[in-house]
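One letter stands for each residue in the lines below.
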Amino acid sequence: MLRSSVARIGVRTFSNDVKTHTPPKRLHGVTGRYAGAVYTAASKAGLLDKVETELLAFSSTLSKSPNFAAFLSNPTIPRGEKASVVGQLLGDKKFSNITTNLLMTLSANGRIGEAGKVVNAFVELMDTARGNVTVTVISAEPLKKPQSKDVETAVHSLVGKGKKVELTFQTDPSILGGLQIIVGDKVMDLSVAARVTQLNIDLEGADA
């Protein structure tokens, strides 16, 4: 069963068509939308690497200063006060207009406490644009070493040559058998549970 699932990985492909300046993948949620908007703006301005460096610097500041991070996350502190502090920080560091606009917008919208999540989402987009791919392989039980090797080979064939793959293995007994492959925000469900579900749907349709 597992061997057939591995074989089916190699014949599947994911579409990677990307329009100019469009984020290389779609991230869900508010933080994903902010990250996507910043990616597009930075791409148009030719400042993707610079904006990434600036956002990582801001994120580093949050990590090194728990008090500052707590200040930004405190819902009882007025947005204007947070925006003033953030604006002063950005002025001192001479960030680009794109980074400044993002962080000031987050402050004005009461979401500056989520800046770290937005930075992580932006970095995820940059990794994807560089050809770095995060893949999660889920099996019903831990894979043996030869099986893991076969899956790794099939996954590299799936994502294509020249891409750096960060591969993670997880277990979930509820899938019953087979594999689930998560590549970025796309899912390939080769599990027994998925086949059972589809069979039930087919049977219900036949009885209708």
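Residues numbered from 1 in each chain as written. Predicted model: local features only at pLDDT ≥ 70, side-chain atom pairs only at ≥ 80, totals over all residues. Heavy atoms only, no water.

1. Quick word on the nonpolar core
Right, on to step 1. The biggest cluster of nonpolar side chains holds 32 residues, and the ones touching the most others in it are Phe58, Leu72, Leu103, Leu106, Ile112 and Phe122.
Right, on to step 2. Within the residue set of this core, elements represented by two or more residues are α2 (29–45), α3 (48–64), α4 (66–73), α5 (79–93), α6 (97–108) and α7 (115–129).
Right, on to step 3. For this core, the element with the most residues is α7, which contributes 8 residues.
Right, on to step 4. Grouped together as the second largest cluster of nonpolar side chains are 14 residues, Val135, Val151, Val159 and Ile181 included. (Core = buried A, V, L, I, M, F, W, Y, C linked by side-chain atoms within 4.5 Å. Buried < 20%, exposed > 50% of the residue type's maximum accessible area, 1.4 Å probe, protein only. Helix = DSSP H or I, 4+ residues; strand = E, 2+ residues; numbered from the N terminus.)

2. So, the pattern of salt bridges
Opposite charge on two side chains permits pairing when their charged atoms draw close.
Right, on to step 1. Tallying each qualifying case throughout the model produces 6 salt bridges.
Right, on to step 2. With a closest N to O distance of 3.3 Å, Arg130 and Asp49 form a salt bridge. Here Arg130, found in the loop between α7 and β1 (132–139), pairs with Asp49, found in helix α3; they are 81 residues apart in sequence, far enough to count as distant.
Right, on to step 3. Between Glu52 and Arg130 there is a salt bridge whose closest N-O contact spans 2.5 Å. With Glu52 in helix α3 and Arg130 in the loop between α7 and β1, this residue pair connects regions lying 78 residues apart in the sequence.
Right, on to step 4. Classification of Arg130 by relative accessible area gives partly exposed; the value is 43%.
Right, on to step 5. What you see here is one network of salt bridges that share partners, running through Asp49, Glu52, Asp127 and Arg130. (Salt bridge = Lys/Arg side-chain N within 4 Å of Asp/Glu carboxyl O.)

3. Some remarks on the sheet that holds β1
Right, on to step 1. If you walk across this open sheet you meet the 4 strands as β2-β1-β3-β4, and the pairing is mixed. What marks the edges here is a single partner per strand, and that holds for β2 (164–171) and β4 (186–191). Here the strands of the sheet are splayed against their neighbours by 15° on average, with no regard to which way each runs.
Right, on to step 2. Its contacts with the sheet put helix α8 (residues 145–159) on β1, β2, β3 (178–183) and β4, and the angle it makes with β2 is roughly 135°. (Pairing = 2+ DSSP bridges. Axes fitted to C-alpha atoms, helices over the stretch in contact; angles between N-to-C directions. Contact = heavy atoms within 4.5 Å.)

4. Some details on the environment of Glu54
Right, on to step 1. Examined against the element boundaries, Glu54 turns out to sit in helix α3.
Right, on to step 2. If we skip the residues at most four places from it in the chain, Glu54 touches Lys94, Phe95, Ser96 and Thr99.
Right, on to step 3. Only 2.5 Å separates the side chain of Glu54 from the side chain of Thr99, close enough to count as a polar contact. (Polar contact = N/O pair within 3.5 Å; in protein donor to acceptor, adjacent residues only side chain to side chain.)

5. Considering the packing of aromatic side chains
Right, on to step 1. This structure, assessed with the given rule, holds 2 aromatic pairs.
Right, on to step 2. The interplanar angle of 80° and the centroid separation of 6.3 Å between the aromatic rings of Phe58 and Phe68 together place this pair among those described as edge-to-face. Taken together, the residues Phe58 in helix α3 and Phe68 in helix α4 connect sequence positions 10 residues apart. (Phe/Tyr/Trp six-rings, centres within 6.5 Å; stacked < 30°, edge-to-face > 60°.)

6. A look at the packing of α3 against α6
Right, on to step 1. It is the contact of α3 with α6, at a shortest axis distance of 9 Å, that shows an interaxial angle of 40°. When the interaxial angle is binned, α3 and α6 end up oblique. Viewed along their axes, α3 and α6 form a crossing whose handedness is right-handed. Mapping the contact onto sequence places Val51, Glu54, Leu55 and Phe58 in α3 and Ile98, Thr99, Leu102 and Leu103 in α6.
Right, on to step 2. Its residues assigned to classes, the contact of α3 with α6 shows 6 nonpolar, 1 polar and 1 charged. (Parallel < 35°, antiparallel > 145°, perpendicular 65-115°, else oblique. Left-handed = near helix turned anticlockwise from the far one by under 90°. Nonpolar A, V, L, I, M, F, W, Y, C, P; charged D, E, K, R; others polar.)

7. Some details on the confidence of the model for the chain
Detailed reading of predicted coordinates is not advised where the pLDDT is low.
Right, on to step 1. Of the residues in the chain, 85% reach a pLDDT of 70 or more, and the chain-wide mean stands at 83.
Right, on to step 2. No element of the chain has a lower mean pLDDT than helix α1 (residues 2–10), at 58, and none a higher one than α2, at 95. (pLDDT = per-residue confidence, 0-100.)

8. Points about the side chain of Ser107
Right, on to step 1. On the secondary structure map, Ser107 appears in helix α6.
Right, on to step 2. At 2.9 Å, the side chain of Ser107 forms a polar contact with the backbone oxygen of Leu103.
Right, on to step 3. Setting aside anything within four residues of it in sequence, one finds Ser107 in contact with Arg79, Ala83, Val86 and Ile112.

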